[in-house]
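The chain contents come next:
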Amino acid sequence: MNVIHRGRTKPFRTVDFDAPANAVLLIEQRLLPHRFKVVSMSTHRDTAAAIRDMIVRGAGAIGATAAYGLAQGAREFGGRGRVAFERHVDRVFEHLKSARPTAVDPVNAMVEVRRRMSQGTTVAECQSLALEAARAFAEENVQHCREIGRHGAPLIREGMRVLTHCNAGWLAFVDIGTATAPLYAAQAEGRNFHVFCDETRPRSQGATLTAWELHQQGIAHSVIADNAAGHLMQRGEIDLVIVGSDRVLGRTGEVANKIGTYTKAVLARRHRIPFYVAIPLSTIDWEMTDGLQIPIEERAGEEVLGAWGVDAAGRRRQVRVANPGSTARNPGFDVTPAELITGIITPVGILKPGQLWKNRARLGGTSAVGGSVGGASSASP
Ligand code: MRU
């Protein structure tokens, strides 16, 4: 998407790869909206750390980062022989996989890279296939978001007020985003609407990233405190909710997404407001059978006890908000049951959560009941 950077408008992608340097290029998302900076990860260990430390975040973006990280790790191999190479790639895979647990996209992305790599006969051929496959994953992610925009745009009617939670915009993918794709497509079709961005404590992805994205794209929006949505819904000031997801269970239609999503879905049902979830195909887990099995990332309590921002000199700082001496609990995600979801906006169209499984062939799943697809099983706890 376009970014106004140093007075100029330039297109950027969230994740890219510099092949001559064997480096993964990322937008340093922790600095946004105060500073726009692209950083370079020169080893697969740096790339995994960037995922873990949330330099890059969002299911699709960490999926593409892990895919490039695996190719990067494969290209780092300095040993001899195919057996040693495979062992090295196993280690790189596990290291990248362990960076963050809830989103299934990194595992699905890396399984696909490995599948393509296995078609090579020499180490050099495998290394080059790995990079090709990572690039293909990133391109497919962009294509999926574009299709989500096409299918979702008719939901955004003139004058609507739309609520979104966290950031499922282009910063959470390679480009365009999922929850934002219908918004960008409706804007391109000339419609006016207003977006409410949940602040999304404790890391404030809504207040920092979604608000920044919408501002860059010239879309009218307001940041609201996480607790304000119910009040606005009760007063008839929200017409539609669209969120993204980190893992959708293909068998049950349950949706894992940023903490607070479940609360918004309950409120939307109470007020009869349509609640949509927008996802690329790499977000579907065809293996898990129950939302309670989804590994929910528990993050450091400091995130809840304080807040990050910039000081008057533009330096990024954390301040303590909570009572000194108090501790915190910080689950990063929650699971919304299928019955609260109006529709899942996918690249192949809008489906009811309960229709995913029977449409699994169209959605990149297996046609054989119980078969594993896209490696999601290896993401199971
Ligand atoms: O912790 P994050 O920022 O990586 O969380 C991911 C999210 O932004 C969301 O929950 C989002 O809606 C789905 S990821 C595209």
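Structure: above.
Residues numbered from 1 in each chain as written. Predicted model: local features only at pLDDT ≥ 70, side-chain atom pairs only at ≥ 80, totals over all residues. Heavy atoms only, no water.

Undergrad: Hey, could you go over the packing of helix H2 (residues 59–76) against helix H5 (residues 123–152) for me, with residue numbers and the actual values?
TA: Contact geometry for H2 and H5: axes closest at 8 Å, N-to-C directions at 170°. Taken as axis vectors, H2 and H5 run roughly antiparallel relative to one another. Mapping the contact onto sequence places Gly-60, Gly-63, Ala-64, Ala-67, Tyr-68, Ala-71, Ala-74 and Arg-75 in H2 and Gln-127, Ala-130, Leu-131, Ala-134, Arg-135, Phe-137, Ala-138 and Asn-141 in H5. For the contact of H2 with H5, the per-class residue count stands at 10 nonpolar, 4 polar and 2 charged. (Axes fitted to C-alpha atoms, helices over the stretch in contact; angles between N-to-C directions. Helix = DSSP H or I, 4+ residues; strand = E, 2+ residues; numbered from the N terminus. Parallel < 35°, antiparallel > 145°, perpendicular 65-115°, else oblique. Contact = heavy atoms within 4.5 Å. Nonpolar A, V, L, I, M, F, W, Y, C, P; charged D, E, K, R; others polar.)

Undergrad: Would you mind going over the site of the ligand in detail, with residue names and values included?
TA: What surrounds the ligand is a group of 17 residues, the closest being Arg-57, Arg-100, Asn-167, Asn-257 and Lys-258. At 2.8 Å from an oxygen atom of the ligand is found a main-chain nitrogen or oxygen belonging to Asn-167. Asn-257 is positioned such that a nitrogen or oxygen atom in its side chain is 2.7 Å from an oxygen atom of the ligand. Bound to the protein, the ligand loses 100% of the 400 Å² it would expose on its own. Each residue belonging to the shell around the ligand can be placed in one class, and the counts come to 7 nonpolar, 6 polar and 4 charged. (Near = heavy atom within 4 Å. Polar contact = N/O pair within 3.5 Å; in protein donor to acceptor, adjacent residues only side chain to side chain. Areas by Shrake-Rupley, 256 points an atom, 1.4 Å probe, with all protein chains shown as cover.)

Undergrad: Now, about the nonpolar core: what can you tell me, with residues and values included?
TA: Grouped together as the largest cluster of nonpolar side chains are 78 residues, with contacts concentrated most on Leu-26 and Trp-170. Mapped onto the domain boundaries, this core takes at least three residues apiece from domain 1 (2–145) and domain 2 (152–359). Core analysis: the next-biggest nonpolar cluster, separate from the first, contains 27 residues, Ile-224, Val-243, Ala-268 and Leu-356 among them. (Core = buried A, V, L, I, M, F, W, Y, C linked by side-chain atoms within 4.5 Å. Buried < 20%, exposed > 50% of the residue type's maximum accessible area, 1.4 Å probe, protein only. Domains from an automatic or database assignment.)

Undergrad: Please give an account of the environment of Arg-57 that cites residues and values.
TA: In this fold, Arg-57 is placed in the loop between helix H1 (44–52) and H2. Leave out the neighbours within four places in its chain, and Arg-57 touches Gln-29, Ile-62, Arg-100, Cys-166, Asn-167, Leu-171, Ala-172, Gln-205 and Leu-209. At a separation of 3.2 Å, a polar atom in the side chain of Arg-57 contacts the side chain of Gln-29. Here the side chain of Arg-57 touches Asn-167 through a polar contact of 2.9 Å, landing on its backbone oxygen.

Undergrad: Quick one: what's the story with the environment of Arg-52, residue by residue and with numbers?
TA: With respect to the element layout, Arg-52 can be found in helix H1. Under the relative-accessibility criterion, Arg-52 is labelled partly exposed at 44%. Residues Arg-52 and Asn-108 lie 56 residues apart in sequence; the distance between their C-alpha atoms is 18 Å. Sequence-distant contacts of Arg-52, defined by excluding residues within four places in its chain, comprise Ala-99, Arg-100 and Arg-299.

Function cannot be inferred from these measures alone, as they are strictly geometric.
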